[in-house]
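# Summary of the model geometry
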Amino acid sequence: MCFKLIIRRVALILTILCNTFFVASGAGEHKPTGARSASLGGCSVTQSDIFACINNQAALASVRDFSAGSCFQKKWMLRDLNSGSLVLALPLKPGTLGFSFSNDGYSKFNESKLGLAYGMKLNEYLQVGVQLDYLQFSFSDIYKDKKTVTFEVGLLYSLNRNLMFGVHVYNPLNAELSKLTNEKISSSINLGAAYKVGNEFILYAEIKKCIHHEVNIMAGAEYSFTKLFYLRAGISTSPATYNIGVGIKTSKLIIDIASTTHQVLGTSPQISLAWKF
């Protein structure tokens, strides 16, 4: 058996064990979505793109075109560990309505989330958003189609043209998944900032605290060579990863590609697409 195959099998075993603990300690953790966010170390709450439907619904208010997006990730290059998302934004007055669906896992552990979101601007500086979530979990023969509902809220504040702050709270009421086991949906809060340096360079920083995990500190940078091509890099501390990515943006289509590297588990490639109609 080759060394590479051994590493992959060990990674799969570790992931299964982590997911087992995940179900025992709190399911349904909120995850940043989109290859742009992944390439920036997971920084997501200050990004006003179509994936704000999942990352921070307050930023959805800045999406003023009827848009759709999709994202796919192959975790640690393992066949059974795929995740995907679909998002849709429909501008209304005075805000934007968002729909999202995400699926994560493999045949023995699977979780799905369906979301209905709305984001709006309160004034020139402040945006707010909220989302209602329907969650479904399946874990081997122990948990079969467990279902529950929860919600999430977000804020986005622009101090000036160059500095922006974002806050996102997921499952603030610590919704219950099972009365029998007293299992709760995992709650988390993200605090982030974005600083624009000139017209080509943006710096990102973000902190995430999940109720069942250590604080995760994330940082990233984005450089636009032209209005068409973007280069990105980022890091995170929990888990410790290094991230790089590129983006291509046209008037109607956005393509983002990212790679997340863990020193033990390897590489997770990700691609996301967004369309404006």
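A brief report on the enclosed structure follows.

## A short note on the overall build of the protein
- For the protein, the count of helices and strands is 3 helices and 16 strands.
- The 277 residues of the protein split such that 46% are buried.
- The long-range fraction of contacts in the protein, counting pairs at least 24 apart against all pairs at least 6 apart in sequence, stands at 45%.

## As for the layout of surface pockets
- By volume, the second largest pocket is sized at about 1200 Å³.
- Within the residue set of the lining of the second largest pocket, elements represented by two or more residues are β7 (163-170), β10 (188-197), β11 (201-210), β12 (216-224), β13 (229-237), β14 (240-249), β15 (253-262) and β16 (266-276).
- A class-by-class count of the residues in the lining of the second largest pocket yields 17 nonpolar, 12 polar and 15 charged.

## Section: the nonpolar core
- Residues Ile50, Phe51, Cys53, Leu60, Val87 and Ala89 are the most contacted members of the largest nonpolar core, which totals 15 residues.
- The set of elements that each furnish at least two residues to this core consists of α3 (52-55) and β2 (82-91).
- Of the residues forming this core, the biggest block, 3 residues, is contributed by α3.
- If sequence neighbours within four positions are ignored, Ala89 has contacts with Ile50, Leu60, Val63, Asp65, Phe66, Ser67, Thr96, Leu97 and Gly98.
- Leu81, Tyr106, Phe109 and Phe139 belong to the second largest nonpolar core, which has 7 residues in total.

## Overview of unusual backbone geometry
- Residue Pro94 follows Lys93 across a cis peptide bond; omega there is 10 degrees.
- For Pro94, the position within the fold is in the loop between β2 and β3 (95-106).
- The backbone phi angle of Asn171 is positive, close to 55 degrees, even though this residue is not glycine.
- Here Asn171 shows up in the loop between β7 and β8 (176-178).
- Asn171 sits in the buried class, given a relative accessible area of 0%.
- At Asn174, a residue that is not glycine, the phi angle is positive and equals roughly 55 degrees.
- Examined against the element boundaries, Asn174 turns out to sit in the loop between β7 and β8.

## Some words on the packing of aromatic side chains
- Throughout the structure, instances matching the rule amount to 4 aromatic pairs.
- Judged by centre distance (4.9 Å) and plane angle (85 degrees), the ring pair of Tyr223 and Phe225 falls under edge-to-face.
- Between Phe225 and Phe229, the aromatic rings sit 5.7 Å apart at their centres with planes inclined by 35 degrees, giving tilted as the arrangement.
- You can call Phe225 partly exposed: its relative accessible area is 48%.
- Judged by its relative accessible area of 32%, Phe229 falls in the partly exposed class.
- An aromatic cluster of three or more residues is present, and its members are Phe201, Tyr223, Phe225 and Phe229.

Cut-offs used in this document
Residues numbered from 1 in each chain as written. Predicted model: local features only at pLDDT ≥ 70, side-chain atom pairs only at ≥ 80, totals over all residues. Heavy atoms only, no water. Helix = DSSP H or I, 4+ residues; strand = E, 2+ residues; numbered from the N terminus. Buried < 20%, exposed > 50% of the residue type's maximum accessible area, 1.4 Å probe, protein only. Contact = heavy atoms within 4.5 Å. 1 Å grid on protein atoms, 1.4 Å probe; cavity = no way out; pocket = protein on both sides within 12 Å on 5 of 7 lines; lining within 4 Å. Points joined across faces, edges and corners; volume = space filled by probe spheres on them. Nonpolar A, V, L, I, M, F, W, Y, C, P; charged D, E, K, R; others polar. Core = buried A, V, L, I, M, F, W, Y, C linked by side-chain atoms within 4.5 Å. Phe/Tyr/Trp six-rings, centres within 6.5 Å; stacked < 30°, edge-to-face > 60°.

Everything listed here is a matter of geometry and, on its own, says nothing about what the molecule does.
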